[in-house]
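# Structure at a glance
If you want the building blocks of each chain, they are given just below.
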Amino acid sequence: MILYITVAAATALLAGMVDNRPATQPYRTTRQQMCNRICLMAIFLILFALSACRLNVGNDYAKYVEFMHLVNCDAYVPTEIGFNLFVKLVYGLSGFENYLLVFAAYAFVTILFFMLAMYEQSDDFPLTFFLFMMLGYYFQTFSTVRYYLALAIALYSMKFVLRGQWGRFVVLILLGSAFHKSLLVVIPLYFLASLPWKKWQLVLAGLFCTTFLFLQDFYLKVVVFLYPTYEDTEYLEGGTSYVNIARCLAVLGLAGLVYYRRRRLGAKEEDRRFRFFFYLNLGALALYVFCSFLPIISRIGYYLTISHILFLPLLLQKTEDERLRRLLRAGIVLAAVCYFAVYMSRAGNDGVLILPYKTFLFDDMVNILSDVN
């Protein structure tokens, strides 16, 4: 745990020196731009090294090693074609089952997409990165590596939605879905969140959400049709997260406060980014409340709530009262630190298992299922 806290603190301090909206000068690299490059490279290397050097750290590390072994043996696995082809390529080039290189490559691409998304899209990179670490997004990349690659791509793809570059958005999502097909859900969800909804349309959407309460069997059949491997498994048990519901309510409440104050100050309409992030969080709240019976609803919800790390800095930037902005910022930081403390206290539990930290430099891999049989 001390290692994780140290990494989080060190990278957050480095992020504090980054200005992702630096002043530029023609034909000259400014001191701030150079500082940005050094700090961002240092952050990336620290995060990549910690992830790439781990061994059997993460809830499903051993399961992924088993999947990779089966892929190499041309046996059936429930993973997507992109993952399977990549494993075959790495194993073929290595000449042996080099799962360490596969995990390292996934870590490299996942962290790269997250870093690019935060630097390019945030109104306050230090705060965004701090939330990224405190809310556990980085440490969760140790588990479900395919999904968190997809989540990083989803966050990065938001800029194309906001620019109206739908062709680039769809192509990127289709490529990412070759590694985790759940990523496809962001195509309709992000499109809906980008629309300028009228009040009566929101009422109709709310009425539609109530159908999930009465037609659960129908929707479960749809899920099984899309994910046949879920049939007769524990994945169909569903479940929701009260913590995520509370987070969505808090973020929406803050957004409502900022919107109300700006309207009183004469702002006629919020920009497209505000509206997009607001509807993403409203959609996430609806999913957690009405669709708790759906399997792994949190994974779908994360594609929407990952926007918190961009939306909260935007809300602070739109808060013109300096005193109130400082107060809100302090509250956000305190809440994030508390969340991180709770997360770390459970880091060794089943479902997380990022503690204790082990590295291939000093530890050996446990036997996988194929070795036991």
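The preceding data block contains the structure.
Before going into details, it helps to say that this report is about the structure given with it.

Calculation rules
- Residues numbered from 1 in each chain as written.
- Predicted model: local features only at pLDDT ≥ 70, side-chain atom pairs only at ≥ 80, totals over all residues.
- Heavy atoms only, no water.
- Core = buried A, V, L, I, M, F, W, Y, C linked by side-chain atoms within 4.5 Å.
- Buried < 20%, exposed > 50% of the residue type's maximum accessible area, 1.4 Å probe, protein only.
- Helix = DSSP H or I, 4+ residues; strand = E, 2+ residues; numbered from the N terminus.
- Contact = heavy atoms within 4.5 Å.
- Disulfide = S-S within 2.5 Å.
- Salt bridge = Lys/Arg side-chain N within 4 Å of Asp/Glu carboxyl O.
- Polar contact = N/O pair within 3.5 Å; in protein donor to acceptor, adjacent residues only side chain to side chain.

### Some points on the nonpolar core
- In terms of nonpolar packing, the biggest core is built from 116 residues, with Phe129, Phe139, Tyr190, Ile309 and Ile354 touching the most fellow members.
- Residue contributions to this core peak at 15 residues, all from helix α8 (residues 145-163).
- When residues no more than four places from it in sequence are discounted, the contact partners of Phe139 are Tyr4, Leu50, Met133, Phe340, Tyr343, Met344 and Ile354.

### Some thoughts on the state of the cysteines
- On inspection of all chains with the given rule, the structure shows 0 disulfides.
- No disulfide involves Cys39; its sulfur sits 3.9 Å from that of Cys35, the nearest cysteine.

### A few points about helix α17 (residues 308-317)
- Within α17, 9 of the 10 residues are buried, which leaves the element mostly enclosed by the surrounding structure.
- The set of residues buried in α17 consists of His308, Ile309, Leu310, Phe311, Leu312, Pro313, Leu314, Leu315 and Leu316.

### Quick notes on the pattern of salt bridges
- Applying the stated criterion across every chain, the model contains 10 salt bridges.
- Measuring nitrogen to oxygen at the nearest pair gives 3.7 Å for the salt bridge that ties Arg261 to Asp321. With a gap of 60 residues between them, Arg261 in helix α14 (residues 242-264) and Asp321 in the loop between α17 and α18 (322-345) connect regions that are remote in the sequence.
- Overall, the relative accessible area of 34% leaves Asp321 in the partly exposed class.
- Linking Glu322 and Arg325 is a salt bridge whose minimum nitrogen-to-oxygen distance equals 2.1 Å. With a gap of 3 residues between them, Glu322 and Arg325 both fall in helix α18, about one helical turn apart.
- Overall, the relative accessible area of 37% leaves Glu322 in the partly exposed class.

### Some thoughts on the environment of Arg299
- Counting through the fold element by element, Arg299 comes out in helix α16 (residues 297-305).
- Among the residues examined, Arg299 registers a relative accessible area of 24% and is labelled partly exposed.
- Counting along the chain gives 151 residues from Arg299 to Tyr148, while the straight-line C-alpha distance between them is 9.6 Å.
- Apart from residues lying up to four places away in sequence, Arg299 is in contact with Thr144, Tyr147 and His180.

### Re the environment of Arg325
- What makes Arg325 partly exposed here is its relative accessible area of 23%.
- With near-sequence residues (within four places) excluded, Arg325 lies in contact with Leu316, Thr319 and Glu320.
- A distance of 2.3 Å separates a polar atom in the side chain of Arg325 from the backbone oxygen of Thr319.

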